[in-house]
Structures are given as structure tokens and as C-alpha cells.
2 protein chains.
Amino acid sequence: MEKEISQAVIRRMPRYYRYLGELLDEGVERISSGELSERMSVTASQIRQDLNNFGGFGQQGYGYNVSYLYEEIGKILGLNETHNIIIIGAGNLGQAIANYMKFEKLGFHTIALFDVRDDLVGTKIRGIDVHHINELDDFVKDHNIDIAALTMPKSSADDIANRLVSLGIHAIWNFAHVDLSIDATDVVVENVHLSDSLMQLSYNIVKNH
Amino acid sequence: MEKEISQAVIRRMPRYYRYLGELLDEGVERISSGELSERMSVTASQIRQDLNNFGGFGQQGYGYNVSYLYEEIGKILGLNETHNIIIIGAGNLGQAIANYMKFEKLGFHTIALFDVRDDLVGTKIRGIDVHHINELDDFVKDHNIDIAALTMPKSSADDIANRLVSLGIHAIWNFAHVDLSIDATDVVVENVHLSDSLMQLSYNIVKNH
């Protein structure tokens, strides 16, 4: 893509995708930016601006073709390809991710979990093997892995992240409660800091009272 | 507070809190905005601006007192009070939240989980009871609940959210894959949309190649 698109726009694209999916489920074939704007509680001009980053998709006066727009946004988000995920940390959070069927439907397939705990190694989560972390290097070399999800404690997060990167993994979905220090520039990291989210909620409770 | 502080600033405050906590663990007593800026990879002027929203905390030339700043940001985030949480949905994600000790340390106490599944109702997660959802109304009336975490499927999320609000709960931590429609204005909602996060990662993988 020629133009650098801001992460703020990118953050909104999955939401468009979600709403368009709901419209499809309801059998809606065409929607104006005005109707979509009301439904999503954003301005119509915001919608037009966001979509214009990718070339538009609407015809003046005709609105958007829902299934076409759904598919195109899916392509923008890389959902026309499948992605293999490994999960480091097979505790509750790792298991929750492995169990979440929604990710499968979007083309994200968890193919292995890794842990150090004896009571977890050798078990299966929804049919997916939990391996010992010692098997990580061989497994990654033998499989095509697109994304590693980190759900283990923060103390080992940096070490594991750099090990994964040295094994050729370039995308990390980080749930560890730390900002990763990675010695490489071509790695994309998406953080889910649950404690930060909870603190933001807590701030808004205080402010609201 | 007189001035409305932007959510962008608020989103950054938990990160300050996290880094200051790490500094405290390392025994650092005082830090300049320059050093803090390098550590956090944000500009020193951003740090000064963010903290000035709350009155500053630094003395020119002396830097920040780490433990004082940590405590003050904690107060801003409402962490000087404890918060009781109930979790609706006792599957893996609900269990992950109930099991996460970090939240306890921040003063967020999970006191009950609710579900409809026979194999979950009556069990305990880290000593916390899983109740049937039918017991929700009585439980909420008998206890002081600050936050409800929603981890159940999106199909029932709106109904449960509005039921919780009518029972007097004003803060919702929403993990359901839907933007809630709540018929009240004095409710704060913090969303964790894991699929959206995964799609954003996927976009950045495509862009990076």
C-alpha cells in the first residue's frame, strides 16, 4: 500500500467488519453511510473518510453493498488467508484462546500450546496438544507459524518473545503484563493488557461518581 | 475534577502506573522525566503534559519521587479503594479472570461467578463460588458490587447488561463480541474485544510483508 494508514483507522476496521457481519446475518444487502453511521454511533463522514483510505467502496446515492464491503474489509484485515497460532502458556487464558471458536471462523487456527507445568503438558485443549516448552524450537521449525500468543507470566515474556523472533515468528499477541523489549524491527506486536483495561474502567467509575 | 481529561490520557495512566511499579521494585526512588521517557519510549514532553492534567507532581530539576507518583496515579485510577467484581460466564475466560492474582493485588476482588451450565454451577474457582444465573438478582441485592465482567456469548450480552444496570451496577467490563446497547447514561463500559485485537494484528502482518 502506498499510503501509511494510521493505527487509529486500523483499530476501527475490525468494528466495521463486525457490524457488516451482523448486517449480513440479518439479510441486509445494501446500506447507506447514514444508516451505518447511526447503527455504529459514529458520524457518516468518519465512515466515508475511513473507507476512503482504502479506495472508497461506495457509489454516491447507492450506499454500500454489504457483502462486497464485508469481503473487502476482510481482505484488508488479512482474513482471506488462514493464520496458524501457537500459544505460550496453557493456563486459563491460554485455554480460553484455544477454546474460542470465533477465532477459528476468522481463519485463526491454534495448532499447539506450550507450557512448563507437568499437569498441563501432554493434555489436550479442544483436541490441541499442550507441549513442553522445551519442544518449542523444533515445533516452530517444523510448522508454519504466523502468530505466537503469549499468556505466561511477565518474568519470562521477553526471553520467550526474543526466542520466538529468532525462530522466525514475526507477529506476537502479547497478554503478558509488560511491554516487550524485542531486538528486531520487523516484528508486529499487539498488546492486550487486561490490568490496564481494568484500571481505565476503575478511573471512569471514580470520575462518574 | 473541573477539567474533562481525554480518554487518550487516561489510557496511558495505567502504563505509567505499571512502569513506576517496576521502578519501585528495582528500588529507584527518584527519576527525571527524561529517564522515564527513555524507559517508556514516549517523549518527556508527553509525560509532563499527561501528568500536568492532574497537577504535575514534579519539581523542576528534581525529577519525580517514584513512590509518591506511584501512589498518586494509583489514587487517580481509583486503586486506593477496593472493587468487588462479579463475572457472568464461568467458562475459560471467566475462570482466567477469577484466577488472575494480579487483579487482587490491584484491589479488584472477584466475589462470584455466574453461569447457566450444570457442570459449572456449584463448582469453585480459586475458592469463589459459581452460582446459577437465576441467583443473580438476589446476589447483587445482597452484596456491594462495583463491576460486572461479561464473558458470556454475545447473544445474551445486552439482556444481562441491562439487567445488571437495573440492579444498580454502573460499571461493565465487556468481553462479549458486541458493542452493548444499554438504556442508561450513568454506566461506564470498558470493552475488551479480543477478535478485534487479533484482526488488528493480522492487518499489521499483511502490511509488514
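Scoring rules and cut-offs
- Residues numbered from 1 in each chain as written.
- Chains lettered and ligands numbered in written order.
- Predicted model: local features only at pLDDT ≥ 70, side-chain atom pairs only at ≥ 80, totals over all residues.
- Heavy atoms only, no water.
- Helix = DSSP H or I, 4+ residues; strand = E, 2+ residues; numbered from the N terminus.
- Buried < 20%, exposed > 50% of the residue type's maximum accessible area, 1.4 Å probe, protein only.
- Contact = heavy atoms within 4.5 Å.
- Areas by Shrake-Rupley, 256 points an atom, 1.4 Å probe, with all protein chains shown as cover.
- Lys, Arg positive; Asp, Glu negative; His and termini not counted.
- Charge placed at Lys NZ, Arg CZ, Asp CG, Glu CD.
- Phe/Tyr/Trp six-rings, centres within 6.5 Å; stacked < 30°, edge-to-face > 60°.
- Axes fitted to C-alpha atoms, helices over the stretch in contact; angles between N-to-C directions.
- Parallel < 35°, antiparallel > 145°, perpendicular 65-115°, else oblique.
- Nonpolar A, V, L, I, M, F, W, Y, C, P; charged D, E, K, R; others polar.
- Least-squares fit on C-alpha atoms with pLDDT ≥ 70 in both.
- Pairing = 2+ DSSP bridges.
- Salt bridge = Lys/Arg side-chain N within 4 Å of Asp/Glu carboxyl O.

**With respect to the overall build of chain A**
- When helices and strands are tallied, chain A shows 9 helices and 9 strands.
- By its C-alpha atoms, chain A is 60 × 50 × 35 Å across when sized along the principal axes.
- Looking at chain A as a whole, 52% of its 209 residues are labelled buried.
- At a minimum sequence separation of 6, the contacts of chain A that also span at least 24 residues come to 54%.
- In the structure as shown, chain A presents an accessible area of about 10000 Å², 45% of it carried by carbon and sulfur atoms.
- One finds the centroid of the 18 positive side-chain charges in chain A at a distance of 7 Å from the centroid of its 29 negative side-chain charges.

**Some words on the packing of aromatic side chains**
Residue and element names in this part refer to chain A.
- Within this structure, the stated rule accounts for 10 aromatic pairs over all chains.
- Judged by centre distance (5.6 Å) and plane angle (75°), the rings of Phe-103 and Trp-173 are edge-to-face. In this pair, Phe-103 sits in helix H6 (residues 101-105) while Trp-173 sits in strand E8 (residues 171-174), placing the two residues 70 residues apart along the sequence.
- Judged by relative accessible area, Phe-103 falls into the buried class, the value being 3%.
- Taken together, Tyr-100, Phe-103, Trp-173 and Phe-175 form an aromatic cluster joined through their ring pairs.

**Some thoughts on the packing of helix H1 (residues 7-25) of chain B against helix H2 (residues 33-40) of chain B**
Residues and elements named next belong to chain B.
- Across the interface, H1 lies against H2 with an axial gap of 11 Å and an inter-helix angle of 105°. Compared by their axis directions, H1 and H2 come out roughly perpendicular. Contacts between H1 and H2 involve Arg-15, Tyr-16, Tyr-19, Glu-22 and Leu-23 from the former and Leu-36, Arg-39 and Met-40 from the latter.
- Its residues placed into classes, the contact of H1 with H2 shows 5 nonpolar, no polar and 3 charged.

**Description of the relation of the copies chain B and chain A**
- Mapping chain B onto chain A calls for a screw motion: a turn of 180° about the axis and a shift of 0.0 Å along it, with 0.0 Å RMSD after fitting. Within this description, the copies of the chain are treated as partners about a two-fold rotation axis.
- In this assembly the copies share their binding face: 100% of the residues contributing to the interface of chain B also contribute to that of chain A.

**Quick word on the sheet that holds strand E4 (residues 108-115) of chain B**
Residue and element names in this part refer to chain B.
- Pairing within the open sheet is mixed, and its 7 strands lie in the order E5-E6-E4-E3-E7-E8-E9. With one partner strand each, in any of the chains shown, strand E5 (124-125) and strand E9 (188-191) form the two edges of the open sheet.
- With 6 bridges joining them, strand E3 (residues 83-88) and E4 adopt parallel strand pairing. The partner of Ile-85 across the bridge, within E4, is Thr-110.

**Observations regarding the pattern of salt bridges**
- Under the counting rule described, the total for this entry stands at 20 salt bridges over all chains.
- Between Glu-26 of chain A and Arg-39 of chain A there is a salt bridge, with the nearest N and O atoms lying 2.5 Å from each other. Taken together, the positions of Glu-26 of chain A in the loop between helix H1 (7-25) and strand E1 (30-31) and Arg-39 of chain A in helix H2 (residues 33-40) put the pair 13 residues apart, joining distant regions of the chain.
- Residue Asp-179 of chain A pairs with Arg-18 of chain B through a salt bridge whose shortest N-O separation is 3.3 Å. Of the two residues, Asp-179 of chain A is situated in the loop between E8 and strand E9 (188-191) and Arg-18 of chain B in helix H1; the pairing between them involves two chains.

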